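Architecture at a glance
Residues per chain are reported as follows:
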Amino acid sequence: GIGSMKIGIHQPNFMPWIGYFNKINQSDKFVFLDNVKCSKNSFFNRNRFSTSKKFSDFFWLTCSLKKESYRQNLCDVMFDQKLLKKHVKHFKIRHGKTKEQNFLEGLINLYEKQISSVTNANLCNFNKAIINFICENLEIQTDIILASEIKNITGLKKENLVIGIIKELDGQTYISGHGAKNYQDENKFISQGINLQYLDQNFINTPVVNCEHVSIVDIILQEGLWKTKKMILH
């Protein structure tokens, strides 16, 4: 109801896992945290994809970054778009017979656009385009906002940055992943009048590989959009 604006915040990751879309779906406004430093081995430029129908093994699909990327904010990171042809090959060979042909075509379309683009390949923009495309297909209608375009938050770090974003967007509730419980100072939020809502992210019915989650794209192409939606809306 009125007075319970829920804000979700996350880095604009590469083809994220299902929990990421659960978070977007639970939020009234979702913020791409694109004004923080790029870090090594994160999900910003790679994710896990299964190698077989039985979800028995996975490999990483990666967008290669240059060394200088790790000194930049996410919104400025460029990547080598030539390698994207490998990704397209994977989707065509591995998932060519998917029931979700429209989804596959739309995804490959986004790839082809990026590969043939004359402008530099900005990973944030590519990730955002794919996340928006996935949300459309899952009928998730949350407003998505870029942190880099929010005023009055420059120089803020960690919880203070999150709190600054929530206040600028008139949020009352912050939707947080369970992992954050260990390092988040809850009192900082409470003293600012912000409720914390931790997401239940068991996803018991979601396929995993060796106990690890794969990209939602992998699940959509194998299980179909309808089943994937049910996993998110459980």
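Scroll up to find the structure this text is about.
My aim in this report is to walk through the structure given alongside it, one point at a time. Everything numeric here is computed off the predicted structure, so don't read it as measured data.

Each value, and the rule that gives it
The residue numbers shown here count from 1 along each chain, following its written sequence. Selection of residues for local features in this predicted model requires a pLDDT of at least 70, selection of side-chain atom pairs for listing and counting requires 80 or more, and totals for whole chains, interfaces and linings are taken over all residues. Side-chain numbers come from the whole structure's heavy atoms, not from hydrogens or water. Throughout, nonpolar core names a set of buried Ala, Val, Leu, Ile, Met, Phe, Trp, Tyr and Cys residues whose side chains join them through atoms within 4.5 Å. Partly exposed residues are those whose accessible area sits between 20% and 50% of the maximum for their type, while under 20% is buried and over 50% is exposed, using a 1.4 Å probe and protein chains only. Runs of H or I in DSSP of at least four residues are treated as helices and runs of E of at least two as strands, each being numbered from the N terminus. In what follows, a contact means two residues having at least one pair of non-hydrogen atoms within 4.5 Å. For this analysis, a polar contact is any N or O atom pair within 3.5 Å, provided that within protein one partner can donate a hydrogen and the other can accept it, and provided that sequence-adjacent residues contribute only side-chain to side-chain pairs. Note on definitions: the grid is 1 Å and covers protein atoms alone; a cavity is a set of points where a 1.4 Å probe fits but cannot get out; a pocket is an open set with protein on both sides within 12 Å along at least five of seven lines; lining residues have an atom within 4 Å of a point. Grid points are joined across faces, edges and corners, and a volume is the space filled by probe spheres set on the points. Side-chain classes follow a simple rule in which Ala, Val, Leu, Ile, Met, Phe, Trp, Tyr, Cys and Pro form the nonpolar group, Asp, Glu, Lys and Arg form the charged group, and the remainder, Gly included, forms the polar group. The rule for pairing is simple: two strands pair if DSSP sees at least two bridges between them. With axes taken as lines fitted to C-alpha atoms, and helix axes fitted only over the stretch in contact, angles between N-to-C directions fall between 0 and 180 degrees.

Moving on, we get to the nonpolar core. Membership of the largest hydrophobic core comes to 68 residues, with the highest contact counts inside it found for Phe21, Phe91, Ile134, Ile165 and Val217. Looking at this core, the element that brings in the most residues is helix H4 (residues 123-138), giving nine residues. Those residues in contact with Ile134 that lie beyond four places of it in its chain are Phe21, Phe103, Ile216, Val217 and Ile220.

Our focus in this paragraph is helix H7 (residues 216-223). Of all eight residues making up H7, seven are buried, and the element is well covered by its neighbours. All of the buried residues in H7 are Ile216, Val217, Asp218, Ile219, Ile220, Leu221 and Gln222. Looking at the buried positions of H7, the neighbouring elements they touch are helix H1 (18-26), strand S3 (46-50), helix H2 (84-95), helix H3 (101-115), H4 and helix H8 (225-232). Capping the start of H7, Ser215 holds a side-chain oxygen 3.1 Å from the backbone nitrogen of Val217, two or three residues further along. Remark: Gly224 follows H7 within two positions and exhibits a positive phi of approximately 95°.

Approximately 1300 Å³ is the volume attributed to the largest pocket. For the largest pocket, the lining is made up of 45 residues, of which Ile9, His10, Gln11, Leu33 and Tyr183 are closest to its centre. Of all the secondary-structure elements, those providing two or more residues to the lining of the largest pocket are strand S1 (6-10), H1, S3, helix H5 (158-168), strand S6 (173-176) and strand S9 (212-213). The element best represented in the lining of the largest pocket is H5, accounting for four residues. Taken as a whole, the second largest pocket encloses approximately 210 Å³ of empty space. Lining the second largest pocket are Lys53, Lys92, Ile93, Arg94, His95, Gly96, Lys97, Thr98, Leu221 and Gln222. If you list the elements that add at least two residues to the lining of the second largest pocket, you get H2 and H7. The leading source of residues in the lining of the second largest pocket is H2, at four residues. Split by residue class, the lining of the second largest pocket holds two nonpolar, four polar and four charged.

Each strand in a sheet pairs with its neighbour through backbone hydrogen bonds, running either in the same direction (parallel) or in the opposite one (antiparallel). With parallel pairing, the five strands of this open sheet are ordered in space as S5-S2-S1-S6-S7. Two strands bound the open sheet, and with one partner strand each, they are strand S5 (143-146) and strand S7 (195-198). Strand after strand, the sheet turns through a mean of 30° between neighbouring axes, direction not considered. Relative to S5, strand S2 (residues 29-32) runs parallel, the two sharing four bridges. Among the inter-strand pairings, Val31 is bridged to a residue of S5, identified as Ile145.

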